[in-house]
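# Residue-level structure breakdown
Letter by letter, the chains look like this.
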Amino acid sequence: MNNRTVRLAKRPSGLPGPDTWTIADEPAPAPAEGEVLVEVKAISLDPAMRGWLDEGKSYIPPVGLGEVMRASGAGVVLASRDPRFAPGDAVMGGLGVQRLACVRGRDIEPIDLSVAPFERWLGVLGIAGMTAWFGLFDVGAVQPGETVVVSAAAGAVGGLVVQLARRHGCRVVGIAGGPGKCRLVTERYGADACIDHRAGPVRPALAAAVPGGIQVYFDNVGGEILEAAMTLLARRARVVICGAISGYNDFASIRGPRNYLNLLVQRARMEGFVVFDYAARYPEARAGIADGLADGSITAVEDVRDGLDRFPEVLTELYTGGNFGKLVLRP
Ligand SMILES: NC(=O)c1ccc[n+]([C@@H]2O[C@H](COP(=O)([O-])OP(=O)(O)OC[C@H]3O[C@@H](n4cnc5c(N)ncnc54)[C@H](OP(=O)(O)O)[C@@H]3O)[C@@H](O)[C@H]2O)c1
C-alpha cells in the first residue's frame, strides 16, 4: 500500500491556497523499534492549523517546509513494533494529513470504537471536547444560574460549551453565522437564544438577549464580537480566551478590544489557555462527556468530508464558516 501525503510547500499569506501544499504518493513507511504504522481513518481539521503554518514563536513550533502537515487523527494499527499495540487496534494521536502514519507508540493512545466512532474521538471526545470542558469549568469557573455567552457556538468547541453550560444549569446565548447554525445551537444544543452575526450588528441583539449582563463569555472568534461581548460584562465576569479565528488569516489588521477597561469597571478578568496544559486531566473530561453521550444529554455533530486531496479546500471552510460541528476529513 502506498502512502499519500499533504506536505507544506510554501508559507501562505492570508488564507492558505492550493499552492500552500504538495499532495503526492510516497512509499509506505516502515515502523522502526518503538514505532507503530497506522492507517488513518479520520483527520481532525482545526482552526489552529493556520497558525502552525507561520514562522515565529507560539505555543507549538511551526510546521517545517516540506513536512507532512500536522494534524490529530484516528485510525487502525497495521503493524507495530511497540508491545503496547497490535494490528487491528484503534488509536488516535498526532497522525498528520496522510493515509499512513508511522508514529512512536508513546505518542498515540488506544480508543474504544464501541464508545464512539473515529470522528467522535476527534470531536467531543478529542481536543475540541477537552477544550470546551476545561475552558468552561476551569478557566471560566462557571456556576449554575450564570449567563454564559459562546461565540462560534455551532462549531466543535462552541457547540459543546453550549451543551455543557446548559447541563450545568446556566442560561446560554450562542453567537453563530446564519439561521441554519442558529437553529442547531438552540434546537439541538439547547441554547436559550442564538445571535446570527451575519444578520446585523451583534451588540444590540446580544444586549437584548442578556438583560442581566454576561457572567462568562467563552470567546472563539476575537475581533468585533469579542468587543461587543465585553461591553456587556456583569460584575466579576470571566472572559475565556479560547481562540480568535476572525484574525487567524490576517493578524495585522486586528484592532482592540478598545473597551478592555470594562474589565476594571466590572472587576472582571480575561484569561487565555492552551488545552494541552490539561492533558493529565483528559480522562476526567472524557468520562463526563461520554456519560452525556450515553444518557443523551450531549449531542455530537460531526461534519465529515471524504478525500485526502480535498484537504486544501475543506480546511478553508473553517475560516469561511462552511462547517456544521466538528470538521473531519476521511482520507
Ligand atoms: N485554546 C485552545 O487550547 C484551543 C484548542 C482547540 C481549539 N481552540 C479554538 O477554538 C475555536 C473553535 O475551534 P473549532 O475547532 O471548534 O472550530 P469551529 O468552531 O468548528 O469552526 C470555526 C468556526 O468559526 C467561525 N468563524 C470563522 N471566521 C469567523 C469570523 N471572522 N467571525 C466569527 N466567526 C467566525 C465559523 O462559524 P460561524 O459560521 O458560526 O461564523 C466557523 O465555522 C478556534 O478559535 C480555535 O482556535 C482553542
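Residues numbered from 1 in each chain as written. Predicted model: local features only at pLDDT ≥ 70, side-chain atom pairs only at ≥ 80, totals over all residues. Heavy atoms only, no water.

## Here's the deal with the overall build of the chain
Put simply, the test is: Numbering goes from the N terminus for both helices and strands, where a helix is a DSSP run of H or I of at least four residues and a strand is a run of E of at least two. Only the C-alpha atoms count toward the radius of gyration. The rule for a globule is 2.2 Å times the residue count to the power 0.38. Categorising residues by exposure relies on relative accessible area from a 1.4 Å probe, with only protein chains included: less than 20% of the type maximum marks a residue as buried, more than 50% marks it as exposed, and the intermediate range marks it as partly exposed. We call two residues contacting when some pair of their heavy atoms lies within 4.5 Å. Exposure was quantified through the Shrake-Rupley algorithm and a 1.4 Å probe, taking into account, for residues, occlusion by the shown protein chains and nothing else. Charge convention: Lys and Arg are scored as positive, Asp and Glu as negative, and His as well as the terminal groups of each chain are ignored. Working definition for charges: the position is that of NZ of Lys, CZ of Arg, CG of Asp or CD of Glu.
On a plain count of helices and strands, the chain comes out with ten helices and 15 strands. In terms of overall dimensions, the chain is globule-like: its C-alpha atoms have a radius of gyration of 20 Å, near the 20 Å expected for 331 residues. Overall, the chain is about 60 × 45 × 35 Å in size when its C-alpha atoms are taken along their principal axes. A burial count over the chain gives 53% of its 331 residues as buried. In the chain, 66% of the contacts between residues at least 6 apart in sequence involve partners at least 24 apart. Working note: accessible area of the chain is about 14100 Å², and carbon and sulfur atoms make up 53% of it. Counting 35 positive and 36 negative side-chain charges, the chain places the averaged centre of each group 5 Å from the other.

## As for the sheet that holds strand E8 (residues 147-151)
Spelled out, the test is: Strands were regarded as paired on the criterion that DSSP finds at least two bridges between them. Axes here refer to lines fitted to C-alpha atoms; in helices the fit is confined to the stretch in contact. Angles between the N-to-C directions go from 0 to 180 degrees.
An order of E10-E9-E8-E11-E12-E13 is seen for the six strands of this open sheet, with the pairing classed as parallel. Two strands in the sheet have a free side with no partner beyond their single neighbour: strand E10 (193-196) and strand E13 (269-272). Averaged over all neighbouring strand pairs, the angle between strand axes comes to 15°, with direction disregarded. Sitting on the sheet, helix H3 (residues 127-139) is in contact with E8, strand E11 (214-219), strand E12 (233-241) and E13, with an inclination near 150° to E11. Against the sheet, helix H6 (residues 202-209) touches E8, strand E9 (171-176), E10 and E11, its axis set at about 165° to E9.

## Some remarks on the pattern of salt bridges
Threshold: The term salt bridge refers to a side-chain nitrogen of Lys or Arg lying within 4 Å of a carboxyl oxygen of Asp or Glu.
If you walk through the whole model with that rule in mind, you get 22 salt bridges. When the shortest N-O distance is used, the salt bridge between Arg84 and Asp82 registers 2.7 Å. Between Glu317 and Arg305 there is a salt bridge, with the nearest N and O atoms lying 2.9 Å from each other. Here Glu317, found in helix H10 (residues 311-320), pairs with Arg305, found in strand E14 (residues 302-306); they are twelve residues apart in sequence, far enough to count as distant. Neither Glu317 nor Arg305 differs from the other in exposure class; each is buried. Overlapping salt bridges bring together Arg4, Asp25 and Asp309 as one network.

## Describing the domain arrangement of the chain
Keep this limit in mind: All the domain ranges listed were derived from an automatic or database domain assignment. By buried area we mean the combined loss of accessible area, with a 1.4 Å probe, across both parts when two parts are placed together. Here a polar contact is taken to be a pair of N or O atoms separated by no more than 3.5 Å, where protein atoms must pair a possible hydrogen donor with a possible acceptor and residues adjacent in sequence count only if both atoms sit in side chains. Classes in brief: Ala, Val, Leu, Ile, Met, Phe, Trp, Tyr, Cys and Pro nonpolar; Asp, Glu, Lys and Arg charged; the others, Gly included, polar.
According to the domain assignment, the chain consists of domain 1 (3-122 + 301-330) and domain 2 (127-276). Distance between the C-alpha centres of domain 1 and domain 2: 28 Å. In total, domain 1 and domain 2 occlude about 1300 Å² of area from one another, counting both sides; carbon and sulfur atoms represent 63% of this. Summed over the shared surface of domain 1 and domain 2, the result is zero salt bridges. If you look at where domain 1 meets domain 2, you find four residue pairs in polar contact (both at pLDDT 80 or more). The dominant element in the side of domain 1 that touches domain 2, judged by the number of residues it contributes, is H10, at three residues. Considering only residue class, the side of domain 1 that touches domain 2 consists of ten nonpolar, six polar and two charged.

## Some details on the nonpolar core
Under the convention used in this document: Nine residue types can take part in a nonpolar core, namely buried Ala, Val, Leu, Ile, Met, Phe, Trp, Tyr and Cys, and a core is a set of them joined through side-chain atoms within 4.5 Å.
Core analysis: the largest hydrophobic core is formed by 55 residues, its most contacted members being Leu206 and Phe311. The contacts of Leu206, once residues within four sequence positions are left out, are Val149, Val173, Ile175, Ile195, Ile214, Ala229 and Leu232. Listed in part, the 52 residues of the second largest apolar core include Trp121, Ala132, Val148 and Val301.

## Some remarks on the site of the ligand
Rule in force here: Summary of the distance rule: residues count as near a molecule or strand when at least one heavy atom falls within 4 Å of that molecule or strand.
The full set close to the ligand counts 28 residues, and Val157, Lys181, His197, Tyr248 and Asn323 are the nearest of them. Within the side chain of Lys181, a nitrogen or oxygen atom sits 2.7 Å from an oxygen atom of the ligand. Of all the secondary-structure elements, those providing two or more residues to the shell around the ligand are helix H4 (156-167) and H10. Grouping the constituent residues of the shell around the ligand by class yields 16 nonpolar, ten polar and two charged.

## Thoughts on H3
Because the α-helix completes a turn every 3.6 residues, residues three or four places apart line up on one side. Burial analysis of H3 places ten of its 13 residues in the buried class, which makes it a mostly covered element. Remark: Ala141 follows H3 within two positions and exhibits a positive phi of approximately 45°.

## A short note on the packing of aromatic side chains
As a reminder of what qualifies: Between 30 and 60 degrees the pair is tilted, below 30 it is stacked and above 60 it is edge-to-face, where a pair is any two Phe, Tyr or Trp rings, Trp via its six-membered ring, whose centres lie within 6.5 Å.
For the structure shown, the criterion picks out five aromatic pairs. Both rings, one in Tyr59 and one in Phe276, keep their centres 6.2 Å apart while their planes meet at 35°; by these two values the pair is tilted. Of this pair, Tyr59 sits in the loop between helix H1 (49-52) and strand E4 (72-80) while Phe276 sits in the loop between E13 and helix H9 (282-294); the two residues are 217 residues apart in sequence, bridging distant segments of the chain. Assessed through its relative accessible area of 43%, Tyr59 is described here as partly exposed. Owing to a relative accessible area of 38%, Phe276 belongs among the partly exposed residues under this scheme. An aromatic cluster of three or more residues is present, and its members are Phe134, Phe273 and Tyr278.

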